[in-house]
Amino acid sequence: MKLTIDDREILVEGAPTLLGAARCAGIPIPSLCDRPDLEPFAGCRLCLVEISGRNDFAPACATPAAEGMVVRTRTPELVSLRKKILELILAEHPHACLVCAEKTTCDDLKSTIRKVGEVTGCVLCPVNGDCELQKVVEAVGLDKVDLPAIYRNFEVRREDPFFDRDYNLCILCGRCIRVCEEVRGASVLAFIHRGDRTSVGTAFDRPLLDSGCRFCGACVDVCPTGALVERAVRPRPRAERSAGVVCPYCAQGCGLELGIRETRVLYSKPSPAALPNRGQACAKGRFLVRDALGGPGRIMEPHVRKDGRLVPATFDEAIERAAAGLLEAGDQGRALIYPSQVSLEDAFLFLEFGRTFMDRAAVATAAPGSIWSALEALTEARGVGVPPGRELSEIEECGSILAWDIDLQVDHPIAWLKVVKAIRRGARLVAAGTASAQISQAAATLDVRAGSEAATGAGLAAALLRTGAAPSGYDGFEDLKKSCPDGTAISSSEARALQAAAEILTSNKPAAILFDAGAARGPSGSDTLAWLWNIALLLGARLFPLGRGGNERGIHELERALGFPASGKGWEALRAGLEKRAFQALYLAGPAPDLEDRKPPFLVFQGTHWSRNAEAADVVLPAAAFAEAGGTWVNTEGRVRTFPAAIPCPGAARTDGDILTALARKMGHPGLGRPEAAAVLREIRTRVPALARYDPAGGGRGEFLARGGSFGTPRFVPVQFPSGSATPASRGVILLKVRYSGDGLRGFDPLAKSRGYAKVRKPGQVFIAPTDADRIGITDGDALELSSGPGALAAVARLEPSVAEGTAETAVRASSLTERDWLDRGLIPVEIRRKR
Amino acid sequence: MCPSKSELEALTEKSTGQKRALIQVLQDIQDRIHWLPAEALEHVARTLGVPLAQVYGVATFYKFFSLEPRGRHVCTVCLGTACHVRGGQALLEHFERKLGIAAGRTTPDGKFTLERVNCLGACALAPLAVVDGRYYGRMSEAKADSVLAGVREDGDP
């Protein structure tokens, strides 16, 4: 459409607001409350414009552009009105920094610091010089504030992790409130109180920690003033440059921007244009990348064991010791645990190293079995394949969403944002499981009882058949119908819930089904996946399998193409070897459970951070972290991206590629090496079909893995209809469902290193039904011991009504062998006792 | 005084899932027990599907809602322009002396809450006081004493 702004004819597409249209045309209109990613608010009134034919002023941010409109943005009347409005805003905002005559010289001379007795902004403001309000004052041309200044004297809130809240600097634009509600779906914040006491706050003004905040940092990033600032980022010195990286923490692979000064990373922020996160991140990506790159605990130089003690050594000395020890162990006596959160280039070299020097069965990552290997097992066992490769943004277009036994807000925060967006567009959420954020936004909920997951899946399939779902063209439909009995062995309230869920899913198409490796764990895991597949066919639904670890999907493709066992399976074999003490030497380059007394006689540790395993090693090699190595990463969508190293390695650390090259040379294979990362990537492309057509120079927004193999015609898979729900063998025994809460980055465990993050994540809790707690005689917050056969774990009791009687749930980090063994079993009968 | 769970359920049940019923539901609870305890706000948030922070925002916005326990009898003195001119301020001070509390507070025995209001819109009746929802026009100190005495004798424990 065509419209005129300030005598310029402008052509716009779509249905923009006047503010959007003006910005497209490069006509500046000041605004403090508007954000392109938020709904119009019209709160600050700075974007008022004059529209011909209307006798009032209209806020450009909330007025849709219309054909033929004639708009003026800077008439003398508007300019003076804007100044007055801004003055009113500034009357309650310490504004010495904005209008002080000495503001340009202050930085050098600090002449004003002695003149002010109270916080008036300026030198004490954390965002001075980098403040949107200052920029708007500049744009509006305000040079004095005639109104008396009002200091509201709110107490600065410093009780929460990661950031401070100083509402004395707040201008009540409401961006934080809106991003928390509209984008994050958390709604932790609101305007509270009234009139001159109005502020942003939580319910009952409690700390954010007690208000359901996940500390994603979105509010900090949208704040136009210094009211919300990251605590660890001091105002000076500022970053000199920024570099784009892919966040390595989890499989969603957010695009992050690192603020760098010299060789130090000062902060990490989500990049506004990056996919799939579009300017959003989570607590780890936003606040814990800097700590993962530096900070205490980083291994800075090589060490070797001398006279029983680890002492610093030169790189050559360490390599020599490592090579000698590995060679001495012999071909059959060596094992390699490689990291699962490294670039494809480094992972490839690790696998090449493993192929050259070890038995393939002795090469694995210690990462828990991924959803990709579970889907592959489904293909092998039942002959159907889930073609992966959907973009997370496709969730937004769905009419209904089934979140299957998964905690999206915690484990897949970006996927959760897409679900929130879909719900805001009218989609209906069916929450199966106990995740509270999903339940609070759900149109229907399903209980997924520990041990009876497949039964719930089967029940839902049967309910869908009853609502008349009958897709044509797929084989096996008649068999499926026969195997789903009409009157199922489920109770009537469960039947009603299943029926309600089935009706929502059939009447709001397309449906999306979201699940992760948790669905495939436990004895009935493969049946559960088969039922999810059948449900997807019945509904014509989109399946969204979600990975967990950074680059998990890419490394899975590598393992497959190079003939290594998939994650989980490889570990099983290696774990058995450790138990039998089959290895003389272990090259431990990835994170692994504390090996304790299963440690082989010779241990080489390679990594970024000290750990119990590192301290027990004979040789320690300092490795580069993700931002120091760069490389190619594949996220859960199959999006492939390559980024260069952003900062140099600290101390004497080297990239995994360099270390492997040196070690291989010392061990007599000079050909195995790393001439340069680009050459390694070229080699990967010739060996891995899914990456054959990937071009790292192609645009930078990321290309996708080719869908490997042929999946044939989809058909229903035969699977036994479960006869009833699993029950514990005897009274007093509780079926414990073990989930994975691993959210470390290679050797960096944010739970151990960040007290703030531990407060947010609350590790080591076990969720029990209140009735069971009563019977055992425990209350919320008690320290418990969970025991099963030889193993035992400690946990803190949490009473949770949504947990079924006779079952309990916990999430483990797999940092000890017991935790890891329990996780692999998925479902364990345990006795629960209060710890004395 | 806290409402029981079943009482809260009865007050909110008909509005399950209806966000727009928020103010009405809060009013019903306020009418019933004269204040809004935290558990009540949490129950309303869950039942109506409104985020708790927003419920709290609404509850703190309107002066009508109280987040602290209020007395069983609420006395409100009008200080609008007309009432002010006709001695509203003196009347309020009289109530304060008589009840032994400042405006906005509740007597320690939980019997009376005293409030001031900026205008009740019944300026022809100035000065005006409201006791337990009943409007008393052309209020005087003597009349106030008898109204309070009447309330006191009203079979309260």
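Residues numbered from 1 in each chain as written. Chains lettered and ligands numbered in written order. Predicted model: local features only at pLDDT ≥ 70, side-chain atom pairs only at ≥ 80, totals over all residues. Heavy atoms only, no water.

Residues and elements named next belong to chain A. Where strand β29 (residues 765–768) meets strand β31 (residues 791–799), 4 bridges bridge the pair, whose relative direction is parallel. When the bridges of β31 are listed, Q765 appears paired with V796. The hairpin formed by strand β30 (residues 783–788) and β31 contains 2 residues between the paired strands, and G789 there has a positive phi angle of roughly 55°. (Pairing = 2+ DSSP bridges. Helix = DSSP H or I, 4+ residues; strand = E, 2+ residues; numbered from the N terminus.)

Right, let's get into the side chain of R542(A). Relative to the helices and strands, R542(A) resides in strand β21 (residues 542–546). Within the structure, the side chain of R542(A) is placed 3.0 Å from the backbone oxygen of E394(A), a separation counted as a polar contact. (Polar contact = N/O pair within 3.5 Å; in protein donor to acceptor, adjacent residues only side chain to side chain.)

A few words on the interface of chain B and chain A. Chain B puts 12 residues into the contact, and the matching count from chain A is 14 residues. For the chain B face of the interface with chain A, the top three residues by lost area are A53(B), Y56(B) and F61(B), together amounting to 46%. Linking chain B to chain A there are 1 salt bridge. A salt bridge links E42(B) to R206(A), with the shortest nitrogen-to-oxygen separation between them at 3.0 Å. For the interface between chain B and chain A, the tally reads 4 residue pairs in polar contact (both at pLDDT 80 or more). For the side of chain B that touches chain A, the secondary-structure elements that each account for two or more residues are α3 (38–48) and α4 (52–61) of chain B. Top contributing element to the side of chain B that touches chain A by residue count: α4(B), with 7 residues. (Contact = heavy atoms within 4.5 Å. Buried area = accessible area lost by both parts, 1.4 Å probe. Salt bridge = Lys/Arg side-chain N within 4 Å of Asp/Glu carboxyl O.)

Residue and element names in this part refer to chain A. Strand order in the open sheet made by the 5 strands is β2-β1-β5-β3-β4, with mixed pairing throughout. Across the chains shown, the open sheet's two edge strands, defined by having one partner strand only, are β2 (8–11) and β4 (57–59). Along the sheet, successive strands turn relative to each other by an average axial angle of 40°, direction set aside. Against the sheet, helix α2 (residues 76–91) touches β3 (48–51), β4 and β5 (70–72), its axis set at about 155° to β3. (Axes fitted to C-alpha atoms, helices over the stretch in contact; angles between N-to-C directions.)

What follows covers the domain arrangement of chain A. By a widely used convention, the size of an interface equals the accessible area lost when the partners come together. Residue and element names in this part refer to chain A. Taken domain by domain, chain A comprises domain 1 (2–140), domain 2 (163–293), domain 3 (303–369 + 551–691), domain 4 (371–546) and domain 5 (733–834). Centre-to-centre, using C-alpha coordinates, domain 3 lies 37 Å away from domain 4. The junction of domain 3 with domain 4 conceals about 1,000 Å² of combined surface from both sides, 46% of it contributed by carbon and sulfur atoms. The largest per-residue losses of area from domain 3 upon contact with domain 4 belong to R553, T636 and E637, which jointly make up 47% of the total buried on that side. Across the domain 3-domain 4 interface, the total number found is 2 salt bridges. Residue R639 is joined to E391 by a salt bridge in which the shortest nitrogen-to-oxygen separation is 3.1 Å. At the junction of domain 3 and domain 4, the tally comes to 5 residue pairs in polar contact (both at pLDDT 80 or more). Tallying contributions element by element places helix α21 (residues 552–562) first for the side of domain 3 that touches domain 4, with 4 residues. Each residue belonging to the side of domain 3 that touches domain 4 can be placed in one class, and the counts come to 2 nonpolar, 4 polar and 6 charged. (Domains from an automatic or database assignment. Nonpolar A, V, L, I, M, F, W, Y, C, P; charged D, E, K, R; others polar.)

Once that is clear, we can look at helix α26 (residues 677–687) of chain A. All names here are of chain A. Turning to α26, its buried residues number three or more, namely V680, L681 and I684. Considered in projection along α26, the buried side chains sweep an arc of 100° and stay on one side of the axis. Of the surrounding elements, those touching the buried residues of α26 are α11 (344–357), α21, β25 (631–634) and β26 (639–643). (Buried < 20%, exposed > 50% of the residue type's maximum accessible area, 1.4 Å probe, protein only. Arc of directions from axis to C-beta.)

Residue and element names in this part refer to chain A. Contact geometry for α11 and helix α25 (residues 656–666): axes closest at 9 Å, N-to-C directions at 20°. Of the possible angle classes, the one that applies to α11 and α25 is roughly parallel. In this structure, α11 crosses over α25, and the sense of that crossing is left-handed. Contacts between α11 and α25 involve D346, L349, F350, F353 and F357 from the first element and D656, G657, L660, L663 and A664 from the second. Residues belonging to the contact of α11 with α25 are distributed by class as follows: 7 nonpolar, 1 polar and 2 charged. (Parallel < 35°, antiparallel > 145°, perpendicular 65-115°, else oblique. Left-handed = near helix turned anticlockwise from the far one by under 90°.)

Once that is clear, we can look at α11(A). All names here are of chain A. The end-to-end C-alpha distance of α11 is 20 Å, a good match for the 20 Å that 14 residues give at a rise of 1.5 Å each. In terms of residue burial, α11 counts as a mostly covered element, since 12 of its 14 residues are buried. Listing the buried residues of α11 in full gives L344, E345, D346, A347, F348, L349, F350, L351, E352, F353, G354 and F357. (Expected span 1.5 Å × (residues − 1).)

Annotation of chain B at the domain level lists domain 1 (5–61) and domain 2 (73–151). Its C-alpha centre places domain 1 of chain B at a distance of 29 Å from the equivalent point of domain 2 of chain B.

Residue and element names in this part refer to chain A. Read from one edge to the other, the open sheet built from 3 strands follows the order β25-β26-β27, with strand pairing classed as antiparallel. Strands with a single pairing partner mark the edges of an open sheet, and in this sheet they are β25 and β27 (703–704). Note that β26 and β27 share 2 bridges and pair antiparallel. Considered in β27, the bridge of R639 is made with F704.

Residues and elements named next belong to chain A. Under the definition given, this model contains 61 salt bridges over all chains. For D164, the salt bridge is made with R231, and the minimal N-O distance between the two is 2.7 Å. Here R231 lies in the loop between β9 (228–230) and β10 (241–246) and D164 lies in strand β6 (residues 163–165), a separation of 67 residues in the sequence. For D164, a relative accessible area of 10% corresponds to the buried category. For R231, a relative accessible area of 27% corresponds to the partly exposed category.

Further remarks concern the pairing of strand β24 (residues 619–622) of chain A. Residues and elements named next belong to chain A. The side-chain alternation of β24 yields two buried faces, one formed by V619 and L621 and the other by V620 and P622. Here strand β13 (residues 303–306) pairs with β24 via 2 bridges, running antiparallel. Following the sheet pairing, V304 is matched in β24 by V619. As paired elements, strand β23 (residues 602–607) and β24 share 4 bridges and run parallel to each other. If you follow V604 over to β24, its bridge partner there is V619.

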